[in-house]
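Structure assessment
Now for the letters of each chain:
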Amino acid sequence: ITKVWKHEESDKLFCEEVDVGEDEPRQIASGLQPFFELEDLQDRKVLVLCNLKARKLAGFPSHGMVLCAGNEEHTAVKFCDAPVDAKIG
C-alpha cells in the first residue's frame, strides 16, 4: 500500500493506492477503519484480489480487494500476509 487515507464520507472505509506491479497503482476501498489505524496500512505488503469488477464504494472507484480474514463475530480482522520474499505483481 503506497498511499492510504480515510474516506471523506465514510467512517468505515479506507481509500488506498496499491502497487500490484501494473503501470499505475490500483485504487482500492476497504472497510477496515473499525479494525486498523492508517499507520497499520501505510507501506504494508498485502494480498490483493485484482480480477474483480470495478465498483464504487461510497462514491470511490475501487479496483480490487485487500485480502483479510475475520472471526465469526466480525469483531477482529487480520490481514492475510504474503510470504516475506514475495515479489510485487
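Before reading further, recall that the structure is shown in the block above.
Residues numbered from 1 in each chain as written. Predicted model: local features only at pLDDT ≥ 70, side-chain atom pairs only at ≥ 80, totals over all residues. Heavy atoms only, no water.

**Comments concerning the sheet that holds strand β3 (residues 26-30)**
The three strands are arranged β1-β2-β3 in an open sheet whose pairing can be described as antiparallel. Each edge of the open sheet is held by one strand with a lone partner, namely β1 (3-6) and β3. The mean inter-strand angle of the sheet, taken between neighbouring strand axes irrespective of direction, is 20°. (Pairing = 2+ DSSP bridges. Helix = DSSP H or I, 4+ residues; strand = E, 2+ residues; numbered from the N terminus. Axes fitted to C-alpha atoms, helices over the stretch in contact; angles between N-to-C directions.)

**Observations regarding the environment of G89**
Tracing the backbone through its elements, the reader meets G89 in the segment after β9 (77-79). Given the relative accessible area of 85%, G89 is considered exposed. Separated by eleven residues in the primary sequence, G89 and K78 have C-alpha atoms spaced 22 Å apart. Other than its neighbours up to four places away in sequence, G89 contacts V20 and G21. (Buried < 20%, exposed > 50% of the residue type's maximum accessible area, 1.4 Å probe, protein only. Contact = heavy atoms within 4.5 Å.)

**Things to note about the layout of surface pockets**
Reported here for the largest pocket is a volume of approximately 360 Å³. Lining the largest pocket are 20 residues; nearest its centre among them are A29, S30, G31, M65 and V66. Looking at the lining of the largest pocket, the elements with two or more residues in it are β3, β5 (55-57), β7 (65-66) and β8 (68-70). Partitioned by chemical class, the residues of the lining of the largest pocket number twelve nonpolar, six polar and two charged. Roughly 290 Å³ of internal volume is contained in the second largest pocket. Around the second largest pocket, the lining comprises 17 residues; the ones closest to its centre are D19, K45, V46, I88 and G89. (1 Å grid on protein atoms, 1.4 Å probe; cavity = no way out; pocket = protein on both sides within 12 Å on 5 of 7 lines; lining within 4 Å. Points joined across faces, edges and corners; volume = space filled by probe spheres on them. Nonpolar A, V, L, I, M, F, W, Y, C, P; charged D, E, K, R; others polar.)

Shape is all these values report; function is a separate question.
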